[in-house]
Structures are given as structure tokens and as C-alpha cells.
Amino acid sequence: MEVVMRADAKVRVESGTESSPRGPGCSLRHFACEQNLLSRPDGSASFLQGVAEKSQERLIRNTCEAVVLGALHPRTSITVVLQVVSDAGSLLACCLNAACMALVDAGVPMRALFCGVTCALDSDGNLLLDPTAKQEKKARAVLTFALDSVEQKLLMSTTKGLYSDAELQQCLAAAQAASQHIFRFYRESLQRRYSKS
Amino acid sequence: PSAGVKGITVEPLEYYRRFLKENCRPDGRELGEFRTTTVNIGSISTADGSALVKLGNTTVICGVKAEFATPSTDAPAKGYIVPNVDLPPLCSSRFRTGPPGEEAQVTSQFIADVIENSQIIKKEDLCISPGKLAWVLYCDLICLDYDGNILDACTFALLAALKNVQLPEVTINEETALAEVNLKKKSYLNIRTNPVATSFAVFDDTLLIVDPTGEEEHLATGTLTVVMNEHGKLCCLHKPGGSGLTGAKLQDCMSRAVTRQKEVKKLMDEVIKSMNQK
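Residues numbered from 1 in each chain as written. Chains lettered and ligands numbered in written order. Predicted model: local features only at pLDDT ≥ 70, side-chain atom pairs only at ≥ 80, totals over all residues. Heavy atoms only, no water.

- Chain B is annotated in an unreviewed UniProt entry as Exosome complex component RRP43 from Nannospalax galili.
- Taken from UniProt, the Sequence similarities (unreviewed entry) comment for chain B reads in full: "Belongs to the RNase PH family." (UniProt positions renumbered as here; feature names shortened; annotations may be inferred.)

## Concerning a nonpolar patch on the surface
All names here are of chain B.
Item 1. Together, F68, V181 and L183 give the surface a local cluster of nonpolar side chains, amounting to about 280 Å² of exposed area.
Item 2. Here F68 shows up in strand β3 (residues 58–69).
Item 3. Residue classification places F68 among the partly exposed positions, given a relative accessible area of 36%. (Patch = residues over 30% accessible without salt bridge, like charges linked within 9 Å, V, L, I, M, F, W, Y side chains within 5 Å. Areas by Shrake-Rupley, 256 points an atom, 1.4 Å probe, with all protein chains shown as cover. Salt bridge = Lys/Arg side-chain N within 4 Å of Asp/Glu carboxyl O. Helix = DSSP H or I, 4+ residues; strand = E, 2+ residues; numbered from the N terminus. Buried < 20%, exposed > 50% of the residue type's maximum accessible area, 1.4 Å probe, protein only.)

## Looking at the nonpolar core
Item 1. Core analysis: the largest hydrophobic core is formed by 112 residues, its most contacted members being F145(A), L137(B) and L162(B).
Item 2. Broken down by element, the residue count for this core peaks at 11 residues, all from helix α4 (residues 150–164) of chain B.
Item 3. Once you skip the residues sitting within four places of it in the chain, L162(B) turns out to touch V64(B), I120(B), I121(B), L137(B), C139(B), L189(B) and I191(B).
Item 4. Grouped together as the second largest cluster of nonpolar side chains are 11 residues, Y16(B), A201(B), I209(B) and A220(B) included. (Core = buried A, V, L, I, M, F, W, Y, C linked by side-chain atoms within 4.5 Å. Contact = heavy atoms within 4.5 Å.)

## Some details on the sheet that holds strand β11 (residues 222–228) of chain B
Item 1. Here we have five strands laid out as an open sheet, ordered β9(A)-β12(B)-β11(B)-β9(B)-β10(B), and antiparallel in their pairing. Strand pairing shows two members of the sheet lacking a second neighbour, β9 (163–164) of chain A together with β10 (207–210) of chain B, which therefore form its edges.
Item 2. The sheet contact formed by strand β9 (residues 196–203) of chain B and β11(B) spans seven bridges and is antiparallel. Each residue of the ladder has a partner; that of V202(B), found in β11(B), is G222(B).
Item 3. Packed on one face of the sheet, helix α3 (residues 102–118) of chain B meets β11 and β12 (233–238) of chain B and runs near 160° to β12(B). (Pairing = 2+ DSSP bridges. Axes fitted to C-alpha atoms, helices over the stretch in contact; angles between N-to-C directions.)

## With respect to the pairing of strand β8 (residues 154–161) of chain A
All names here are of chain A.
Item 1. Buried residues dominate β8, accounting for seven of its eight residues.
Item 2. In terms of strand pairing, strand β7 (residues 141–148) meets β8 through seven bridges, oriented antiparallel. When the sheet's bridge partners are listed, A141 is paired in β8 with G161.
Item 3. If you look at the hairpin formed by β7 and β8, you'll find five residues sitting between the two strands, and Q152 has a positive phi there, around 55°.

## Re the interface of chain A and chain B
Where the parts come together, the accessible area they lose is often given as the size of the interface.
Item 1. Facing the 27 residues of chain A at the interface are 28 residues of chain B.
Item 2. Approximately 2500 Å² of surface area, both sides summed, lies buried where chain A meets chain B, with 53% of it carried by carbon and sulfur atoms.
Item 3. For the pair chain A and chain B, the number of links is three salt bridges.
Item 4. E102(B) serves as the salt-bridge partner of R58(A), at 3.0 Å between the closest nitrogen and oxygen.
Item 5. At the junction of chain A and chain B, the tally comes to 14 residue pairs in polar contact (both at pLDDT 80 or more).
Item 6. Elements represented by at least two residues in the side of chain A that touches chain B include exactly α1 (54–67), β8, β9 and α4 (165–196) of chain A.
Item 7. When its residues are assigned to classes, the side of chain A that touches chain B shows 10 nonpolar, nine polar and eight charged.
Item 8. Pairing of β9(A) with β12(B) involves two bridges; the strand directions are antiparallel. Paired with S164(A) across the strands is K233(B), a residue of β12(B). (Buried area = accessible area lost by both parts, 1.4 Å probe. Polar contact = N/O pair within 3.5 Å; in protein donor to acceptor, adjacent residues only side chain to side chain. Nonpolar A, V, L, I, M, F, W, Y, C, P; charged D, E, K, R; others polar.)

## Overview of the sheet that holds β8(A)
Residue and element names in this part refer to chain A.
Item 1. An order of β6-β5-β7-β8 is seen for the four strands of this open sheet, with the pairing classed as antiparallel. Lying at the two open borders of the sheet, with one neighbouring strand each, are β6 (127–129) and β8. Averaged over all adjacent pairs, the angle separating strand axes in this sheet is 20°, with direction ignored.

## Here we look at the packing of aromatic side chains
Residue and element names in this part refer to chain B.
Item 1. Overall, the coordinates contain six aromatic pairs over all chains when judged by the stated rule.
Item 2. Judged by centre distance (6.0 Å) and plane angle (20°), the ring pair of Y16 and F203 falls under stacked. Of this pair, Y16 sits in helix α2 (residues 12–21) while F203 sits in strand β9, and the two are 187 residues apart along the sequence. Note on accessibility: Y16 and F203 belong to one class, buried.
Item 3. An aromatic cluster is present here, built from Y15, Y16, F19 and F203 joined pairwise through their rings.
Item 4. Stacked on the ring of F34, the Lys or Arg R260 has its end atom at 3.6 Å from the ring centre. (Phe/Tyr/Trp six-rings, centres within 6.5 Å; stacked < 30°, edge-to-face > 60°. Lys NZ or Arg CZ within 6 Å of the ring centre and 35° of its normal.)

## Some thoughts on the layout of surface pockets
Item 1. Considering only enclosed or pocket space, the largest pocket measures out at about 1300 Å³ in volume.
Item 2. If you go around the largest pocket, you meet 45 residues; those closest to its centre are N62(A), A220(B), T221(B), G222(B) and G242(B). (1 Å grid on protein atoms, 1.4 Å probe; cavity = no way out; pocket = protein on both sides within 12 Å on 5 of 7 lines; lining within 4 Å. Points joined across faces, edges and corners; volume = space filled by probe spheres on them.)

## Considerations on the pattern of salt bridges
Item 1. Taken as a whole and assessed by the stated rule, the structure comprises 21 salt bridges over all chains.
Item 2. One salt bridge in this structure joins E103(B) and R58(A), with 3.6 Å as the shortest N-O distance. One end of the pair, E103(B), is in helix α3; the other, R58(A), is in helix α1, on a second chain.
Item 3. Residue R58(A) is classed as buried on the basis of its relative accessible area, which comes to 17%.
Item 4. When the shortest N-O distance is used, the salt bridge between E263(B) and R260(B) registers 3.2 Å. In this pair, E263(B) and R260(B) are both assigned in helix α6 (residues 247–277), three residues apart and thus about one turn of the helix distant.

## Description of α3(B)
Item 1. With 17 residues, α3(B) ought to run about 24 Å at 1.5 Å a step, and its terminal C-alpha atoms sit 24 Å apart, in line with that.
Item 2. A104(B), V106(B), T107(B), S108(B), F110(B), I111(B), V114(B), I115(B), N117(B) and S118(B) are the residues of α3(B) that are buried. (Expected span 1.5 Å × (residues − 1).)

## Description of the UniProt feature "domain: Exoribonuclease phosphorolytic" (unreviewed entry) in chain B
All names here are of chain B.
Item 1. Mapped onto this numbering, the UniProt entry annotates "domain: Exoribonuclease phosphorolytic" (unreviewed entry) at residues 33–168 and 195–258.
Item 2. Between the first and last C-alpha atoms of residues 33–168 the distance is 41 Å; the span itself is 24% helix and 37% strand.
Item 3. Between the end C-alpha atoms of residues 195–258 the distance is 11 Å, and the span holds 28% helix and 39% strand.

Printed below as a string of C-alpha cells:
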């Protein structure tokens, strides 16, 4: 199985995403998803959450490869195309979420779902989940994690900046808690979609 | 464990599993043991700084050349550090001639991130005259033999080469506005931290082994690289997909990374001391 990634980055600036309120009991910004909006591909999803680089493509690809049951589809190529509509921070995490929802929409068998969460550490050591672009720029360190849905294990991680071991564990714990919200969202949106049809 | 030689070609994973069950690996190492690390500093006389690092069979050479450049308008008091990793066909049969493949690009990006995150050199130190002249350090890393764990070898080679770089003193002549280079007066770079990379391979979703060889990387279900400096701060946690890890397993990796950082720093200090004594 070969997972090929092409991430086009045509960014359309959307105003108002910076000031959207955070949901109650959760420090992630508001997110929404629309599935099956493109007719040509087998599955598609548009994930709105508050890469054109090879390195980012490889991270996303390797995360997908870890969960997709490739052995069930030999001699098959799965192409995931991610188009950035607008970037208001936490781009990689949003890409991961979109990739997961698209794979689900396409009916690709997976051993678990995965989600992306970004944490930022500012100069005072405060933890910010799902930072905006401005917060990311000012932060001392930005950590992006991909977690699986079964045991919230760490599938992928990429970090920028300097931080200590204790801060890493703190961010990971916060990300694991936040991932529950995202997985619940996946479940609800899929239930809604299939209850209509 | 007695495993026949034919085991490795017919069923490599089974062959490895038989060793891992006994908590060791086919080359006799334990799960947390690194291969023999050797470093040779200053071997390339035409470069401003160089280092050759061998991690077992994996060999990476780093050459640093310093040139003049105009600082960019949005950062007039900063110089540049430009790393480039080259994985030529001579180091492994998996690489072809032509433009850099994905592995080389990803490794170059990794080294650039380590330099940026660890602040190993403050770019302000490379500025000669704000807005007019600054140093640009071209760090070329070439792999001569690829046997796994390229990230650790590249990071170590880069650090050692940068410690070897000597920049001549540059003064701007006020009358002619030209730079005058005094080759007789050279000074070392101000290296602020010593980031050291420790790589792990994940086997069968559970077992973590340190410093994987080429064969082990191929059979692994995931990899993890931790870059730590001497203050216990992490500048990079690179885990490009692969099997999941719990927080506890990550903690074990951190402690191994701390020990490795001390080992590497000690080795480098010894080599530099022996060079300065000559």
C-alpha cells in the first residue's frame, strides 16, 4: 500500500476565526465538519478548525499508515489530498483531523481513529491548547500531537522551541484530555450523517 | 539464542523476535545500548570547520563553510545558518542519483529545526555590520554509509563541526566601506548549548530499542527521536507516525536521552581537548 500525499496550500484568509469563542468545558476552539462534499474522490471531508512542506506531508502520511489496515488492500494506492482553505493556527492538527475524517468517509478500514491536537507554551510556562496563529508566533514552544482513539497513545509528535520534560508530560496529558472532545465530535457527526440517510 | 544465518534472509522479523525475547539484539547489543561512537574533528582542511562521526557503520561527515551575505531586511542584525543533508547513492542502495529524495529533505528539515529550536548559535553573533554584512554558515552533511540512525549521526556531526569552526576577524573600512578580513586573527563560534539526538525504534508496538541499525529501522513499526540539551530541555520530539506510545514509555525514552547527552558531550570534550593539546 502506498500512501501518497500532496498538500496544496492556497490560503484564503477568513476573518472572524480568531475571535470565535471557545466551547464550554473545553479549551479547544469551535470546530465543524462537512463530509462527502466532493463528488469525484471516494471520500472527502472539510474540517474547519480554528503543507506544502515535505516534512509535514511525511508526518501525516506516516500517521495514516500506522492506523490504516493496509494488508486488507494489497496493490492499492490511497491518495490523500489536503487543501488548506484558511490557516488560523494549529494547521497540522487540522490537517490530521481532516485526513482521518476523509479516510472514514472513504470507508478505508482502520484499526483506530486519530486526531491532532496542538499545545503552545508561552514565555510564562502557561499551557494554551489549540493556539491561534498569533499565539503560536508568540509562544516559546509549540507541540503538535496525533493521538489514537483506542488508548490515546501518542502516534505522532512534532515540536518547535525549547521545553522541559515535565512540560512535555503536561502538554501530552492536556492533549489526551482534549482528544476526547474531538473523538466525541467524530462519533456525533458520523451518527448525524448516517441517521439522515 | 541459536538462530541460523538463513533465518535473517527468509524471515527477518522472526529472526529478530527470537533475539528481542532474550532482551538483546543480533549484533550482541542490549536494547538500551548504543553502537560504538567515534568522532574525528577538523579533518577537512578546506572547510572552516568539519567533523566525521561514526555510529557503528553509519558514517556522516559535516563540513561548514562561512561566507559573506547581506542580512535580510526584516532581520538586519542576524546572520544565516543553512544546513543541507545529502544522502548520495554511495551510502546505500536505496538512494538514486538526481534531486534529493524525501529522506534527505526530511533530514535536512530536521537539522534546520534542531538548529532553530536549540538556539545552538545565536544568529545575532553572526552579524558583522547590521544591515550590511553578516556571516552565512553553509553546513553540508554527507552520509558516507547508511546503516540506520542517520538523525543522531547528523546532529552529532553538525555540533562537532560547529565547535571546530574558526571565523576570521572582519572589520569594515570606514573610508572604502569594504570588508577587511584578518586571516591571522581567528576565533571560535559561541556555541550556547549542546543538543544531542537519541533515536529509538518501536518493535511490535511495545518494545523500544535504542540506536537502530538499517535492518532494524526497516523492520520497526515506528521511530522516535528526542533531542535534548545539557539543561534537560528538549528541543525536538520527532515522532513521524508509527505505533502509539504511552506517556510512561516516553518517560523512559527521556531518561535514556539524558544519559546519552552526557556520554556524547564527554566524548566531544575529550576529542576537542586532545586536538587543542597538539
